[in-house]
Amino acid sequence: MKIELFVPCFVDQLYPDTAFNTVKLLEKAGCSVAFNPNQTCCGQPAFNAGFWDDAKTVGRKFLNDFQEDSIIVTPSASCTGMVKNYYNDLFTNTVEHNKCRTIQSNIYELSDFLVNILQYDYFGAELDGRAVYHDSCSALRECHIKEEPRQLLSKVLGLELVDLKDNETCCGFGGSFAVKFEAIATAMAQQKVDNAIAAGADYIISTDASCLLHLQAYIDRNNLPIKTYHLADVLANGWGNI
């Protein structure tokens, strides 16, 4: 299957290895991966901040950066949710209306695509330790993704996945929320990390780099014995031992 890869801003600038690991996973699952180097952003930061005209400009570029008949895969439920749900506010009854609807139906978050479209959930990954999975707000509420990442993680050799208290509570990032309400965002991160440590977890795993950035910053600041991992990085780990 031929797909186009969308690399979100957070991944491109801060977690490039996650992008490369996404390519590795897709190719191992039998996909031919194309990447348009001219792609930039889906427009979510501007949209969430209330700058809808700017978001529309960036979103229009996004629509033009991808082929209308292509399947688009991204290691971000947040960006997937933006395109699938909030592009309606930007492009309904515009000249981009039809192209937007087609691309909305063709974009997938990575775990959703692997499990539900390719029906591929075993990569021979290995990671020793205990982990909790954090349901990002975008994955759970906007993309209705819950079991797919857990199914993939259940096949990782050496990894024990345990329940996280208040798992469906936000981590506190929320885009500009973490900037405007730093104290509240930090307290929410603390609650999430404390719950993970209380569960005996070595790792916090999620589908969204933005959540992981926020949580890892709190972990690093407080020198806590736990680490965050993007799902794609876990699934691409340990292949050399196969």
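Everything here concerns the structure above.
Figured I'd write up the structure that's included with this text. (Residues numbered from 1 in each chain as written. Predicted model: local features only at pLDDT ≥ 70, side-chain atom pairs only at ≥ 80, totals over all residues. Heavy atoms only, no water.)

### Concerning unusual backbone geometry
Where the residue is not glycine, phi is negative for most of them; where a peptide bond is considered, it is trans in most cases.
Step number 1: Its identity is not glycine, yet Asp166 carries a phi of approximately 55°, on the positive side.
Step number 2: Within the element layout of this structure, Asp166 appears in the loop between strand E6 (157-162) and helix H10 (177-180).
Step number 3: The phi torsion at Asn223 lies on the positive side, around 50°, for a residue other than glycine.
Step number 4: Structurally, Asn223 can be placed in the loop between helix H12 (209-221) and strand E8 (227-230). (Helix = DSSP H or I, 4+ residues; strand = E, 2+ residues; numbered from the N terminus.)

### Examining the environment of Leu127
Step number 1: Of note, Leu127 is situated in strand E5 (residues 126-133).
Step number 2: When the C-alpha positions of Leu127 and Val234 are compared, they lie 7.1 Å apart, and in sequence the two are 107 residues distant.

### Details of the packing of aromatic side chains
Centre distance and the angle of the planes are the two values used to describe a pair of aromatic rings.
Step number 1: Per the counting criterion, the structure on display carries twelve aromatic pairs.
Step number 2: Ring geometry for Phe6 and Phe66: centres 5.9 Å apart, planes at 85°, overall edge-to-face. With Phe6 in the loop between strand E1 (2-5) and helix H1 (9-14) and Phe66 in the loop between helix H4 (52-65) and strand E3 (71-74), the pair connects residues that are 60 residues apart, well separated along the chain.
Step number 3: Since its relative accessible area comes to 1%, Phe6 is described here as buried. (Phe/Tyr/Trp six-rings, centres within 6.5 Å; stacked < 30°, edge-to-face > 60°. Buried < 20%, exposed > 50% of the residue type's maximum accessible area, 1.4 Å probe, protein only.)

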